[in-house]
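In case you want the letters, here they are:
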Amino acid sequence: MTDLSRRTAMSLLLLAPVAVVAACAPEREPVTPTESPSAPDSSGEALGVVGPAAASTAPEIPPAGDVFGPTGHTWPTRTPRAYDAFDASVECACTWEAIAAAITAVDVAAPDGSARVLVQPGVLPGNGAGSTSEPVLADVGREGRSSRILVIPRDGTESVTIDGSLRLDGVMGVAFAGFSTFPKSLVLTSTRDVAWAWSKGQAFNITSGDSGPTENTEFVECVTPDAVSGDADTWAFRTGANAFRDISVRGCYIAPTYKDDGSSSHCDTLQLSGNAEKEGLLIEGTVLFSSTNAGFIPAAEARDIVFDRSLLVGGDRMLERYPLPDGANAFTSGAPSVVNAAKSIDEMSAKDSIFIGRVRGTFANVENSTVSAADPPAASGGAFESDPSLSDIDAEWLEARAPMPTDDRLREIWQLR
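The following paragraphs examine the structure supplied in this document. (Residues numbered from 1 in each chain as written. Predicted model: local features only at pLDDT ≥ 70, side-chain atom pairs only at ≥ 80, totals over all residues. Heavy atoms only, no water.)

### Let's talk about the pattern of salt bridges
Summed over all chains, the structure comprises 22 salt bridges. Across the salt bridge formed by R142 and D107, the nearest N and O atoms sit 2.8 Å from each other. Taken together, the residues span a long stretch of sequence, with R142 in the loop between β6 (137-138) and β7 (149-153) and D107 in helix α2 (residues 96-109) at a distance of 35 residues. There is no split in this pair, since R142 and D107 are both buried. As a salt-bridge pair, K200 and D407 come within 2.7 Å of each other at their nearest N and O atoms. Separated by 207 residues along the polypeptide, K200 in strand β12 (residues 192-200) and D407 in helix α4 (residues 407-413) bring together distant segments of the chain. Given a relative accessible area of 15%, K200 falls into the buried group. The network of salt bridges with shared partners includes R78, R148, D193, E218, R250 and E284. (Salt bridge = Lys/Arg side-chain N within 4 Å of Asp/Glu carboxyl O. Helix = DSSP H or I, 4+ residues; strand = E, 2+ residues; numbered from the N terminus. Buried < 20%, exposed > 50% of the residue type's maximum accessible area, 1.4 Å probe, protein only.)

### Here we look at the pairing of strand β11 (residues 185-189)
Summarising burial for β11: 5 of the 5 residues are buried, a large majority. Bridge count for strand β9 (residues 166-169) against β11 is 4 bridges, and the pairing is parallel. What sits directly across from L168, in β11, is L188. Relative to strand β13 (residues 203-208), β11 runs parallel, the two sharing 5 bridges. Residue pairing in the sheet places V187 in a bridge with N205 of β13. (Pairing = 2+ DSSP bridges.)

### What to know about the nonpolar core
Counting 72 residues, the largest nonpolar core has W196, F219, F237, F296 and F307 as the members making the most contacts within it. When residues of this core are assigned to their parent elements, the largest contribution, 10 residues, is made by α2. Other than its neighbours up to four places away in sequence, F237 contacts F204, N205, I206, F219, F244, I247, V249, L270, Q271, L272, S273 and L281. A177, V220, V287 and V313 belong to the second-largest nonpolar core, a separate cluster that totals 35 residues. (Core = buried A, V, L, I, M, F, W, Y, C linked by side-chain atoms within 4.5 Å. Contact = heavy atoms within 4.5 Å.)

### Regarding unusual backbone geometry
Cis geometry marks the peptide bond from F182 to P183, where omega comes out at 5 degrees. Note on placement: P183 falls in the loop between β10 (172-177) and β11. Positive phi is not limited to glycine here, since D139 has a value of about 55 degrees. By the element assignment, D139 lies in the loop between β6 and β7. The exposure class assigned to D139 is partly exposed, which follows from its relative accessible area of 35%. Even without being glycine, D346 reaches a positive phi, approximately 60 degrees. Residue placement: D346 occurs in the loop between β26 (337-345) and β27 (348-351).

In structure tokens form, the structure reads like this:
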């Protein structure tokens, strides 16, 4: 019998035991369908039936093409697709309490197998996306699974609404796909082996807080489509009391933030900060537009940052898609760098990527990557190619390589099953 973590054991006190009957199989034992345990009496809601689910026909998604950003073809690692066969699957009501109970139920039913939670249509509340906001889910899931538990809206990406910003704290071994928070935001704190995917929101942040380090956490095809006026970074990854390790931003799209004229704030599109260890950040297949001050800023002590097949647009070229709003600072401190890491040495590497605007810092390794500057940044291994014509790209060039993630486009490419 698989040992249960102390956290899982405590979660089970809220649930009636799940009856599991082993069926013969050459490699693993799927569960026989059983009535799943009820949610706490105060909720008045119950889970559906926990049992295996057969594979279904994969949806027809348009070809990805040679573009940056979301395409519907990037999926969380170590996570089954929604249309795959599952050893344990269950439907649950559209409440965070029911989702937590469902995650525990399928984990108990198939601790070493594939597991899925289907959330019925409805509205989920949020309690804020500050690093100390009350989490909507806390200490749910388990490390050490062979694959993540997949949690998706049962009826597709627009069938569940989240009506406020939210925080997930200490969640482990779970991938959420198809839940959007726009125009609100999400922060993941101290998550381990977690993905948040196929989501539209105003910000997707990470904080390693008091609950522990943030490790092996992914944002996958997460989209911030609109430029905003404000004094904060668009996205921010911070270390608090603990480190973060092995963070991935894959197939994402990040619009800029423009600060108001006269503001003394420093607005960047994605900034790393905090004094604890920051090791391992992959930015893959992603498009990022510079904010008033910069596009990407790593902390001085960050390590192993990799840009892989990504497009970063700075200088003044982001204005081709995102003109300055009335009252915005007109870059009084100069055109924003696309990467501002002036003091960094060998923190960053680049492969198959394009950087438009000034890039500051010495890279560790560079392969098949291009900058718009006539004087490329130094690299300890390899070298950047220079293409000054990139400084003249227009809106048509951007649309061909980084299509605007409109609701119609996202609806077309984000087909779960």
